[in-house]
Amino acid sequence: TVALQKVPNVSNAICRSFPDKNNCTLVALCNITQYYASKTDGIISMNVEERYRSIRELAKKLGYDGEHGLSVFKNRRFANLFCKTFFKNRKIKGCCRYFITRKRAIQTIEANRPFLLSLASGYYFDHTVAVFGYANYTNHRTGKTYTFLMLYDSWHNTCRYLPWKNTGAFHITCMTELIDG
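Just so it is clear, the model here is predicted, and its values are computed rather than measured.

J.: Looking at this structure, how should I read the overall build of the protein?
T.: Each helix and strand counted, the protein has 4 helices and 7 strands in total. Ordering the α and β elements of the protein from the N terminus gives β-α-α-α-β-α-β-β-β-β-β. Compactness check: the protein gives a C-alpha radius of gyration of 16 Å against a globular reference of 16 Å for 181 residues, within 12% of the reference. For the protein, with 181 residues in total, the buried portion stands at 49%. At a minimum sequence separation of 6, the contacts of the protein that also span at least 24 residues come to 60%. Charge-centre separation for the protein: the mean point of 26 positive side chains lies 8 Å from the mean point of 12 negative side chains.

See the structure below:
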């Protein structure tokens, strides 16, 4: 049995669609902000190229130069800069959490908030992805439930799955989300 929970309207842009290098954090933010663009009456562009250009300009203020990626330690400042630019009249801010729990990830998805996940271990080492859902798979033979985060990794434009619970996987992570402040 598979149970799914997804946040709607998250885009699936990929890094190589843009001229920059080491732009995974920019692309991941671009992908999750499609969800917010669908709710802001034009304040945030629905056009992925326009949104990426705006995000790139913000990243340049934090030292992004098109060659070297943004440090994970700048994620909160990057998200806050985005919020201050596009949510001027709303109290939305960027928030980072390190070593997140499964419960925290699930609660965030169930609250309809896609998020950035920067990983410092495993297949996605030194990479940031856009998380927009989760899937629970229950093995009827053993009764064991396995949880997978659903994400766009910005290398492929199809959904990827990151094993989370009962798979033996361990991830060193930083979760960056936009929250009502």
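J.: Which parts of the structure should I look at to understand helix 4 (residues 102–110)?
T.: An α-helical turn contains 3.6 residues, so any two residues separated by three or four positions project in the same direction. Three or more residues of helix 4 are buried, namely Ala105, Ile106, Thr108 and Ile109. Looking straight down helix 4, one finds its buried side chains confined to an arc of 160 degrees; they lie on one side. With its phi angle positive at about 60 degrees, Asn112 sits one or two positions after the end of helix 4.

J.: Please clarify how the nonpolar core should be interpreted in this entry.
T.: Looking at soluble globular proteins, one finds that nonpolar side chains tend to be buried together. Counting residues in each nonpolar core, the largest one holds 53 residues, and the members touching the most others are Phe78, Phe82 and Leu117. A total of 10 residues in this core trace back to one element, the largest contributor, which is helix 1 (residues 24–37). Apart from residues lying up to four places away in sequence, Leu117 is in contact with Ile100, His127, Thr128, Val129, Val131, Leu149, Leu162, Trp164, Thr173, Cys174 and Met175.

J.: Sorry, what's going on with the packing of helix 2 (residues 48–60) against helix 3 (residues 75–86) here?
T.: Two quantities define a packed helix pair, namely the angle between the helix axes and the distance between the axes. At a closest axis distance of 10 Å, the pairing of helix 2 and helix 3 adopts a crossing angle of 125 degrees. On the basis of the axis angle, helix 2 is oblique to helix 3. Regarding helix 2 and helix 3, the two cross each other, and that crossing is right-handed. Counted together, Ser54, Ile55, Leu58 and Ala59 of helix 2 and Phe78, Leu81, Phe82, Thr85 and Phe86 of helix 3 form the full contact between these two elements. Here the contact of helix 2 with helix 3 is built from residues that sort into 7 nonpolar, 2 polar and no charged.

J.: Explain the pattern of salt bridges here, please?
T.: Counted by the stated rule, this structure contains 5 salt bridges. We note a salt bridge from Glu57 to Lys60, for which the minimum N-O separation is 3.3 Å. Here Glu57 and its partner Lys60 are both found in helix 2, 3 residues apart, which amounts to about one turn of the helix. Relative accessible area serves as the criterion here: at 42%, Glu57 is assigned to the partly exposed category. A salt bridge links Arg113 to Glu177; the shortest N-O distance between them is 2.9 Å.

J.: For this particular structure, what's the right way to read the confidence of the model for the protein?
T.: Regions with low pLDDT carry predicted coordinates that are not meant to be interpreted in detail. Averaged over every residue, the pLDDT of the protein is 90; the share at 70 or more is 96%. The least confident element of the protein is strand 6 (residues 160–165), whose mean pLDDT is 85; the most confident is helix 2, at 96.

Conventions we followed
Residues numbered from 1 in each chain as written. Predicted model: local features only at pLDDT ≥ 70, side-chain atom pairs only at ≥ 80, totals over all residues. Heavy atoms only, no water. Helix = DSSP H or I, 4+ residues; strand = E, 2+ residues; numbered from the N terminus. Rg over C-alpha atoms; globule rule 2.2 N^0.38 Å. Buried < 20%, exposed > 50% of the residue type's maximum accessible area, 1.4 Å probe, protein only. Contact = heavy atoms within 4.5 Å. Lys, Arg positive; Asp, Glu negative; His and termini not counted. Charge placed at Lys NZ, Arg CZ, Asp CG, Glu CD. Arc of directions from axis to C-beta. Core = buried A, V, L, I, M, F, W, Y, C linked by side-chain atoms within 4.5 Å. Axes fitted to C-alpha atoms, helices over the stretch in contact; angles between N-to-C directions. Parallel < 35°, antiparallel > 145°, perpendicular 65-115°, else oblique. Left-handed = near helix turned anticlockwise from the far one by under 90°. Nonpolar A, V, L, I, M, F, W, Y, C, P; charged D, E, K, R; others polar. Salt bridge = Lys/Arg side-chain N within 4 Å of Asp/Glu carboxyl O. pLDDT = per-residue confidence, 0-100.

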